[in-house]
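The residues making up each chain are set out below.
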2 protein chains.
Amino acid sequence: MSISVNPAVAAIPYGDRKRIMELCRGREDLVDLMSGNPYQQMPEWIRRRTTELLNSGPMRYTHYWGMPELRQRLAEKLRSECGISVDPERGILVTHGVQEALYVVMRTLLRPGEEVLIPSPHYANYLLNTVACGAEPVFVPLRETGGFLPEVDELEAALSGKTRLIVFSNPNNPLGVTWPDGKVEELADFVRKHDLLVVVDEIYRDFAAPRPPLSIASLPGMQQRTFTLQGFSKSYFMMGMRIGYLAGPEEVMLHIKQLHYLIMLCPSRIAQYAALAALDCPAECLEPMYREYREKLRILYDGIMRIPGVSCVQPNGSFYVFPNFSCFGLSSMDLAAKLIEEAAVMTLPGTEFGSAGEGHLRLSVVSDRDRVEQGLERLLRFAQGRSNQVIPGRGMRTS
Amino acid sequence: MSISVNPAVAAIPYGDRKRIMELCRGREDLVDLMSGNPYQQMPEWIRRRTTELLNSGPMRYTHYWGMPELRQRLAEKLRSECGISVDPERGILVTHGVQEALYVVMRTLLRPGEEVLIPSPHYANYLLNTVACGAEPVFVPLRETGGFLPEVDELEAALSGKTRLIVFSNPNNPLGVTWPDGKVEELADFVRKHDLLVVVDEIYRDFAAPRPPLSIASLPGMQQRTFTLQGFSKSYFMMGMRIGYLAGPEEVMLHIKQLHYLIMLCPSRIAQYAALAALDCPAECLEPMYREYREKLRILYDGIMRIPGVSCVQPNGSFYVFPNFSCFGLSSMDLAAKLIEEAAVMTLPGTEFGSAGEGHLRLSVVSDRDRVEQGLERLLRFAQGRSNQVIPGRGMRTS
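Residues numbered from 1 in each chain as written. Chains lettered and ligands numbered in written order. Predicted model: local features only at pLDDT ≥ 70, side-chain atom pairs only at ≥ 80, totals over all residues.

Q: Can you tell me about the overall build of chain A, naming the residues and giving the values?
A: Each helix and strand counted, chain A has 13 helices and 12 strands in total. Relative to a compact globule of 399 residues, whose C-alpha radius of gyration would be 21 Å, chain A shows 21 Å and is just as compact. With the C-alpha coordinates of chain A rotated into their principal frame, the extents come out at 65 × 60 × 55 Å. Considering chain A as a whole, with its 399 residues, one finds that 54% of them fall into the buried category. In chain A, the proportion of contacts linking residues at least 24 apart, taken out of those at least 6 apart, comes to 76%. (Helix = DSSP H or I, 4+ residues; strand = E, 2+ residues; numbered from the N terminus. Rg over C-alpha atoms; globule rule 2.2 N^0.38 Å. Buried ≥ 20, exposed ≤ 12 C-beta atoms within 10 Å, placed from the backbone. Contact = placed C-beta atoms within 7 Å.)

Q: So what's going on with the sheet that holds strand β5 (residues 163-169) of chain A? Which residues, and what values?
A: Residue and element names in this part refer to chain A. Judged by pairing direction, the sheet is mixed, and its seven strands sit side by side in the order β2-β8-β7-β6-β5-β3-β4 without closing on themselves. The sheet is open, and its two edges are formed by β2 (92-95) and β4 (136-141), each paired on a single side. Each adjacent strand pair in this sheet contributes to an overall mean axis angle of 20°, direction not counted. In this sheet, strand β6 (residues 197-201) lies alongside β5 in parallel orientation, the contact comprising five bridges. By the bridge assignment for β6, Ile-166 is matched with Val-198. Of the strands in this sheet, β2 and β8 (244-247) are in contact with helix α4 (residues 68-82), which crosses β2 at around 115°. (Pairing = 2+ DSSP bridges. Axes fitted to C-alpha atoms, helices over the stretch in contact; angles between N-to-C directions.)

Q: If you had to explain the domain arrangement of chain A to someone new, which residues and values would you point to?
A: Residue and element names in this part refer to chain A. When cut into domains, chain A gives domain 1 (12-42 + 284-385) and domain 2 (45-280). A C-alpha centroid distance of 25 Å is found between domain 1 and domain 2. Facing the 31 residues of domain 1 at the interface are 33 residues of domain 2. For the side of domain 1 that touches domain 2, the secondary structure elements donating two or more residues are α11 (283-304) and β9 (320-321). (Domains from an automatic or database assignment.)

Q: Outline the relation of the copies chain A and chain B, supporting the account with residue identities and numerical values.
A: With an RMSD of 0.0 Å, the operation that places chain A on chain B is a rotation of 180° combined with a shift of 0.0 Å along the axis. Accordingly, the operation relating the two chain copies is best matched by a two-fold axis. Within chain A, the C-alpha atom positioned nearest to the axis of rotation is that of Thr-51 of chain A, 3.1 Å from it. A share of 100% of the interface residues of chain A reappears at the interface of chain B, consistent with the copies meeting face to face through the same patch. (Least-squares fit on C-alpha atoms with pLDDT ≥ 70 in both.)

Q: Give me unusual backbone geometry: which residues, what numbers.
A: Of note, the bond from Ser-120 of chain A into Pro-121 of chain A is cis; its omega dihedral lies within 30 degrees of zero at 10°. A cis amide bond links Asn-170 of chain B with the next residue in sequence, Pro-171 of chain B, at an omega value of -5°. With respect to the helices and strands, Pro-171 of chain B occurs in the loop between β5 (163-169) and α8 (181-193). With a phi angle near 60°, Phe-148 of chain A is a residue other than glycine that sits in the positive phi range. Mapped onto the secondary structure, Phe-148 of chain A falls in the loop between β4 and α7 (152-157). For Phe-148 of chain A, a count of 21 C-beta atoms within 10 Å gives the class buried.

Q: Outline the interface of chain A and chain B, supporting the account with residue identities and numerical values.
A: Contact with chain A, which involves 62 residues of that partner, is made by 62 residues of chain B. Those elements that place two or more of their residues in the side of chain A that touches chain B are α1 (7-10), α3 (44-54), α5 (97-109), α6 (124-132), α9 (250-264) and α10 (269-280) of chain A. If one sorts the elements of the side of chain A that touches chain B by residue count, α9 of chain A sits on top with eight residues. When the residues that make up the side of chain A that touches chain B are grouped by side-chain class, the tally is 33 nonpolar, 20 polar and nine charged. (Nonpolar A, V, L, I, M, F, W, Y, C, P; charged D, E, K, R; others polar.)

Q: So what's going on with the packing of helix α12 (residues 332-343) of chain B against helix α13 (residues 369-385) of chain B? Which residues, and what values?
A: All names here are of chain B. Two elements in contact, α12 and α13, have axes separated by 11 Å at closest approach and are oriented at 100°. As judged from the angle between their axes, α12 and α13 are roughly perpendicular. On the side of α12, the interface is formed by Leu-339, Glu-342 and Ala-343, while α13 contributes Arg-378, Leu-379, Arg-381 and Phe-382. Among the residues making up the contact of α12 with α13, the classes are represented as four nonpolar, no polar and three charged. (Parallel < 35°, antiparallel > 145°, perpendicular 65-115°, else oblique.)

Q: Can you explain the sheet that holds β9 of chain A? Please cite residues and give values.
A: Residues and elements named next belong to chain A. Ordered in space as β9-β12-β11, the three strands form an open sheet in which the pairing is antiparallel. Single-partner strands in this sheet number two, and they are β9 and β11 (348-349). Examined bridge by bridge, β11 and strand β12 (residues 361-364) share two bridges and lie antiparallel to one another. Within β12, the position partnered with Leu-348 by the bridge is Arg-362.

Q: How would you sum up helix α8 (residues 181-193) of chain A? Please name residues and give values.
A: All names here are of chain A. Between the first and last C-alpha of α8 there are 18 Å, a value that for 13 residues agrees with the 18 Å anticipated at 1.5 Å per step. Among the residues of α8, Leu-187, Ala-188 and Val-191 are the ones counted as buried. The buried residues of α8 occupy an angular sector of 100° when projected down its axis, which confines them to one face. Facing away from the buried surface of α8 by more than 90 degrees, the exposed residues are Gly-182, Asp-189 and Lys-193. Looking at the packing, one finds that the buried side of α8 touches β5 and β6. (Expected span 1.5 Å × (residues − 1). Arc of directions from axis to C-beta.)

Q: Please set out the confidence of the model for chain A residue by residue, giving values where relevant.
A: Mean pLDDT for chain A: 95, with 97% of residues reaching 70 or above. Across the predicted assembly, pTM comes out at 0.96 and ipTM at 0.96. (pLDDT = per-residue confidence, 0-100.)

Q: Summarise the environment of Gly-15 of chain A; cite the residues concerned and give the values.
A: Residues and elements named next belong to chain A. Looking at the element boundaries, Gly-15 is found in the loop between α1 and α2 (18-24). Between the C-alpha atoms of Gly-15 and Pro-349, which are 334 residues apart in sequence, the distance is 12 Å. Residues within four places of Gly-15 in sequence aside, it is in contact with Ala-124 and Glu-352.

Q: Which residues make up α3 of chain A, and what values go with them?
A: For α3 of chain A, the complete set of buried residues consists of Ile-46, Thr-50, Thr-51 and Leu-54 of chain A. Along the long axis of α3 of chain A, the arc covered by the buried residues comes to 135°, so they all point the same way. More than 90 degrees from the buried face of α3 of chain A, the exposed residues found are Glu-44 and Glu-52 of chain A. The inward-facing, buried residues of α3 of chain A abut α10 of chain A together with α3 (44-54) of chain B.

Q: I'd like to hear about the packing of α5 of chain A against α6 of chain A, residue by residue, with values.
A: Geometry of a packed helix pair, given as the angle between the helix axes and the separation of the axes. Residue and element names in this part refer to chain A. Interaxial distance between α5 and α6 falls to 10 Å at its minimum, and their mutual angle equals 35°. The handedness of the crossing between α5 and α6 comes out as right-handed. Contact residues: α5 offers Gln-99, Leu-102, Tyr-103 and Met-106, while α6 offers Asn-125, Asn-129 and Thr-130. Of the residues contributing to the contact of α5 with α6, the split by class is three nonpolar, four polar and no charged. (Left-handed = near helix turned anticlockwise from the far one by under 90°.)

Q: Would you mind going over the pairing of strand β8 (residues 244-247) of chain B in detail, with residue names and values included?
A: Look at any regular strand and the pattern is simple: side chains alternate between the two faces of the sheet. Residue and element names in this part refer to chain B. Residues of β8 alternate between two faces, with Gly-244 and Leu-246 on one and Tyr-245 and Ala-247 on the opposite face, all of them buried. Sheet topology places strand β2 (residues 92-95) next to β8; four bridges connect them, and they run antiparallel. Bridge pairing in β8 places Thr-95 opposite Gly-244. Bridge analysis of strand β7 (residues 226-231) against β8 gives four bridges, and the strand direction is antiparallel. For Gly-231, the partnering residue across the bridge sits in β8 and is Gly-244.

Right, here's the structure in full:
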């Protein structure tokens, strides 16, 4: 028998990592400069406190929207760190990572045929969620020549009567850049002027340098049209715990929370315990880890800048750099494949983040420093071996 | 500004527990015979092993569909305990409880306008998910006089050209009964004859007496049309961990898994560790707990049967009894409210499970035995106080 399925679900595209994954299969010798899944252990401090809470009582379902104590702490954090005032009872939802937050927000807001502005290259799920809602993605280019910052005239040109919202991450995955305050303010002006909504993914905010980005929801008139997504996965190396949170306008949160209930019942109690522990984790535990990640990014960037013909926007946020390797005359996918086969380095083709990523690779620093250095060395050796094949003028120096 | 939302999401009804919850607010004296959220701690054995795994390495994202080792173990369990043969790579998905499993299955299968058969009284989420898909619920009565078993002629009468699937739980929440093998076989005949699909929620299977129910997917020709939902929440008292799983036809699982990825990225790693630990938990840890729950159910049932005019189908599964209190001449909601106000006992109105539950209350045994006994005593005293108001013939003895 053949079972028909809902076409909106069948339309959700599968990513194209299959070729990369198949090339990696069974290879023990590869250095991972590919993934966004750190090899770093959760701080011992958080593990110890989580264990205490695990043993402190029954592992019952929690409040559907998240434990009240956790929502209270998150409201304080949003106020003091991001300048966002939100009622912990009505305006915050604890989610299964930013992944769930993104799904429930977009599914609640979007109707078929509406349009979503996606600055691109982009995190693939902004597109997948748009498609899953039957809505239309409209890509707005983030240009290497402009330091991967969005330009308002290009956003204006992408508008139509059906435009509902803009979704982006700041700091940016895959681009590695944090948009400066002035750019965030420009974006807010644009959004207010055209009466749009914002979905902003700030999961990498603690990895921005020299400080976390300006939260767009904190600007005048923006809180009532902004859904702010943050989480614990990256900041505390608790990816597999699956705890994020979402703050947004109360009238819509009411519906989002009911959809969340229907999917989740509640977030995991033990993961919420870990989140509470994380909020108490001393800065002395965390700061050295953030510093190490910035340092690894600097090492990777400096190394890449030594390759003739390759350009790279200097990273100042997230785990990534997004260099332009088009001087090698290969597609991103072919280059990533060759790097696995010939140099034993895993990277992601820029096209994983939309066609605007063609010519680029996304390189990450989730491996330990010595592994990152080893991967960089292999990459440099590979580049040296191809130096006589470099196509002049295809790369672009921005600094 | 007013933000419009997707009407399919806005249509998801909120439950009607508000009045009950408000009556309970601030009352420290209440006995909980209401909830499905046990006060029982996770077995120490599982907590210890989970702690070891928490400290064993980084808390990374896992495989999107669940850790391969866990899926392998679940495939073995499904084969040996339920007679269901399923490929761990293609036919199983680890979910955020049965709640997520139900959502992703129904959202993937259903299109607007299709019809869903729901034997009723029913777990509210079967209805909520139907509505959230824009599909139509068709309730089929489960009659107290028939021991809450579905009758095939009533199912036949509910069919239309749009009927896609039937969804039910076995053992049943809220009814407390386990449908016998013969009834499950009748259901399978009905489903095959009319080329329908089955979504079966077996979350309470370890609480069935004298043994777990026959899994409908194990019957000839049924696996290719059945989605079997099971979980760890009830069987191991790890509700707040949020781990369930889903087995179904591979062609559809492909789409379900992609929707799951979009919502979840992956299930919680630590919850999957706890699930692996639970699968190794010795029966000596578990059997006494299941026995205690059966014993508490027996105590509650025996007590209720002593109330003149009240009838009750004898429970043999799940955490619940579903007695008929219509002899008191009150609506379920009014009776539940009075019980809180006058007897300090929390119960759920049968109407929480559809209008077919009118006249009934759902009573649970998630509290410790002495609390259950105390709650029962209060209930009996309340009933005695109203014994001169009993309306003869409104209750119905089935045994």
